[in-house]
Amino acid sequence: MLELLLQPFTIDFMQQALLTAVLLSVASAVLSCFLVLRGWALMGDAISHAVLPGIVLAYAAGIPVVIGAFIAGMLCTLATGFMTENSRLKEDTVMGVVFSGMFALGVVLFSFFTIDVHLHEILFGDILGLTWRDVWQTAAVALLCTTLVWIKRKDLIILSFDPQHGRAIGLSVKTLHYGLLILLSIVIVAALEVVGIVLVIGLLIAPGAIGYMMSDSFDTMLMYAIASAVGASITGILLSFSLDSAPAPTIVLMLMIMFVLVFLFAPVHGLIRTKRRARLSKAGVESSIQ
Amino acid sequence: MDDSTNQNGPPGIQAYNVTVTYRNGHTAVRDASFSIPNATICALVGVNGSGKSTLFKAIMGFVPLATGSVEILGKPAGRALKRNTVAYVPQNEDVDWDFPVLVEDVVMMGRFGHMGFLHRPSKKDHQHVESALKRVDMLEYRDRQIGQLSGGQKKRVFLARALAQESQIILLDEPFGGVDVKTEESIIALMRSMRDEGRVMLVSTHNLGSVPQFCDHVVLINRTVLADGPAEEVFTRENLEHAFGGVLRFHVLGGQDLHDDDDAREVTVITDDERPFVLYGENDPAKQSVKQNSSKQSGNRKDNPSGSPDQ
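The shown structure was predicted, so the numbers you read here are calculated from the model rather than taken from an experiment.

With respect to the interface of chain B and chain A
With 21 residues of chain B at the contact, the number on the chain A side is 19 residues. Where the side of chain B that touches chain A is concerned, the elements lending two or more residues are α2 (77–82), β6 (86–89) and α3 (103–109) of chain B. It is β6 of chain B that provides the largest number of residues to the side of chain B that touches chain A, a total of three residues.

Listed below in structure tokens is the structure:
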């Protein structure tokens, strides 16, 4: 029994997968807190899809993939902003059109170039096919993003909570906004190998959502987000090994299960507690009337 | 003592010919000039869409000025902002009350401009937060999440943040929205004590009833500054009619509505968007004659009998 449980840890590709997934989930969990607090869930989804043409072109041109992905991601947000300001449409409508269009463009472009990656790997990740070089690369990116967000977290909290105050005390709101977008693109690219374009949004939203449900202060929210993302990565990969399922969807599924549990049973903001509070206060009102 | 607290120093806020044109070509404020002396509570009064919030943004440098300039304590506004001179108290509606921050976190945000690159609070920062919370009587709520507070408590937290920021100039956006009269009075008392320390408070409001109660100075605005100066000079019927135009309602209760004798005096009630409930008479409620307003411009809004019961 114990042997069966420990077996995955002795295999090279499983070690690589676990290490990469854990490092990446820390970075995406830290970022996810701000996506949730800023209401950027759709934005995260949009950028993660819109990077595809940038990735394809970067592969074809032989430049670092991150640069292509970042340019495409920026193009998506800027185009969305421009079209929203210059039409009667709402932002989410425009965003839906832009990101699906860019994603489609990426898929079409893909057939024009001979690239030695499979589209399937970009879309759904290829966490079991990593090399140690990939692992160290991801580790460096994840560490960089996590550190940057951590040391600037107080500025980012003000940016999300009260940008007016941020400007009044001389914070550069614009730099922070675009800095966060840049980090988001970087993490999305780093996450491609692990979960792929389609499911990266799961890693970028669910941990923050879980933290938000569990806590009333930012630092504990962050801890819950990291814990849930790391926990889901480890259990997801191990489970996929024994179930012989694809690891990326298994990780995201674990996050989803955690989210549902938290939604129901969270100590203060969970559904059951909220309902009970509502019932108690109603009963209190009724008894005070009688 | 800092020269900024000197009442004879440069005026708190001075705007010269400020024009703000948004990117879509809409000019929200044109050629606005006014001057607010130090140690003043000043009301910025105008209807919705008259440019109150644009003027706030112009003072804080959030919008580029097409013409003109703003000076704060005699210095260009941009430089004043970098030195933490200006604090902003947002409207309750503009704040995400579900945000995972505690009361003391919000007040600590006022100290950020005084901290270094990493924004590590020092002992002094903690002391400022504590004394600010104590002063607004919110110390016992310091580790509550902000959404768990009442409307007035929420306001006091943001006032504490302005105190912790040690700002000379405090801009308050509709501070009496969603606040009961008792809380309003305690906020006014707090603002008075802050004024007596030499600070300038610029309060945007469309609540005419409370203006004479708390203000020394009034700026009337409708796309431009119509009048500015000491409250008793500016806050007149003619000026208000000018500022509010058709939106303003006048309820004039003539002598014959009020009493049976020949007294010809009238009671004039001026409101902008709420119908006042006016009681007139002796203190015994049974003897009071209740006069629902005989409005000259009766709108078709829902009746809202909640105005000021002062008369």
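Moving on, there is more to tell.
Brief notes about the packing of helix α3 (residues 41–61) of chain A against helix α5 (residues 91–110) of chain A
All names here are of chain A. Two numbers describe how α3 lies on α5: the axes approach to 8 Å, and their chain directions differ by 25°. Taken together, α3 and α5 sit at an angle that is classed as roughly parallel. In this structure, α3 meets α5 at a crossing whose hand is left-handed. The residues of α5 that touch α3, namely those facing L42, A46, H49, A50, L52, P53, V56 and L57, are D92, M95, V98, F99, S100, M102, F103, L105, G106, V107, L109 and F110.

Some points on the pairing of strand β2 (residues 27–36) of chain B
As judged from the six bridges shared by strand β1 (residues 13–21) of chain B and β2 of chain B, these two strands associate in the antiparallel manner. Looking across to β2 of chain B, one finds that T21 of chain B is bridged to T27 of chain B.

Concerning the sheet that holds strand β5 (residues 75–76) of chain B
Residues and elements named next belong to chain B. The four strands lie next to each other as β2-β1-β4-β5, forming an open sheet whose pairing is antiparallel. If you trace the sheet from one side to the other, it starts and ends with β2 and β5, each paired once. The pairing of β1 with strand β4 (residues 67–72) spans five bridges and is classified as antiparallel. The partner of T19 across the bridge, within β4, is T67. Taken strand by strand, helix α1 (residues 52–60) contacts β1, β2 and β4, and its axis lies near 65° from that of β2.

Focus: helix α6 (residues 181–196) of chain B
Residue and element names in this part refer to chain B. The end-to-end C-alpha distance of α6 is 22 Å, a good match for the 22 Å that 16 residues give at a rise of 1.5 Å each. Along α6, the residues classified as buried are I187, M191 and M194. Down the axis of α6, the smallest arc covering the buried residues is 60°, so these residues share one side. For α6, exposure combined with an orientation more than 90 degrees from the buried face picks out V181, K182, A189, S193 and D196. Buried residues along α6 sit in contact with β3 (40–45), α5 (151–164), β8 (200–205) and α7 (211–214).

Let's talk about unusual backbone geometry
Residues and elements named next belong to chain B. Positive phi, close to 45°, is recorded for N17, a residue that is not glycine. Structurally, N17 is set in strand β1. Even without a glycine there, the phi angle at R223 is positive, about 70°. Take R223: it is sitting in the loop between β9 (217–221) and β10 (225–230).

Topic: α3 of chain A
Residue and element names in this part refer to chain A. Compared with the 30 Å implied by 1.5 Å per residue over 21 residues, the 31 Å span of α3 between its first and last C-alpha is a close match. Bending of α3 peaks at approximately 30° at the position of L52, with proline P53 no more than four residues after it. Burial analysis of α3 places 17 of its 21 residues in the buried class, the great majority of the element. Among the residues trailing α3, G62 stands out with phi positive, at a value near 75°.

Some points on the packing of helix α4 (residues 123–135) of chain B against α5 of chain B
All names here are of chain B. Between α4 and α5, the least distance of the axes is 8 Å, while the angle of their chain directions is 135°. Classed by the angle they form, the pair α4 and α5 counts as oblique. Crossing of α4 against α5: the hand is right-handed. Facing H128, V129, A132, L133 and R135 of α4, the residues of α5 in contact are A160, L163 and A164. Taken together, the residues of the contact of α4 with α5 break down into six nonpolar, one polar and one charged.

With respect to the nonpolar core
The biggest cluster of nonpolar side chains holds 165 residues, and the ones touching the most others in it are L31 of chain A together with C42 of chain B. Here this core takes 25 residues from helix α10 (residues 173–214) of chain A, the largest share from any one element. Once residues lying within four places of it in the same chain are set aside, the contact partners of L31 of chain A are C145, V149, L183, L184, V187 and L204 of chain A.

Overview of the sheet that holds strand β7 (residues 169–173) of chain B
Residue and element names in this part refer to chain B. Taken in spatial order, the six strands make up an open sheet running β6-β7-β8-β3-β9-β10, and their pairing is mixed. Single-partner strands in this sheet number two, and they are β6 and β10. Averaged over all pairs of adjacent strands, the angle between strand axes in this sheet comes to 15°, irrespective of strand direction. Pairing between β7 and β8: five bridges, direction parallel. Residue pairing in the sheet places I170 in a bridge with M201 of β8. Those strands touched by helix α9 (residues 237–244) are β3, β9 and β10, and its axis lies near 145° from that of β10.

About the criteria used
Residues numbered from 1 in each chain as written. Chains lettered and ligands numbered in written order. Predicted model: local features only at pLDDT ≥ 70, side-chain atom pairs only at ≥ 80, totals over all residues. Contact = placed C-beta atoms within 7 Å. Helix = DSSP H or I, 4+ residues; strand = E, 2+ residues; numbered from the N terminus. Axes fitted to C-alpha atoms, helices over the stretch in contact; angles between N-to-C directions. Parallel < 35°, antiparallel > 145°, perpendicular 65-115°, else oblique. Left-handed = near helix turned anticlockwise from the far one by under 90°. Pairing = 2+ DSSP bridges. Expected span 1.5 Å × (residues − 1). Buried ≥ 20, exposed ≤ 12 C-beta atoms within 10 Å, placed from the backbone. Arc of directions from axis to C-beta. Bend = angle between axes of the 7 residues up to and from the residue. Nonpolar A, V, L, I, M, F, W, Y, C, P; charged D, E, K, R; others polar. Core = buried A, V, L, I, M, F, W, Y, C linked by C-beta atoms within 7 Å.

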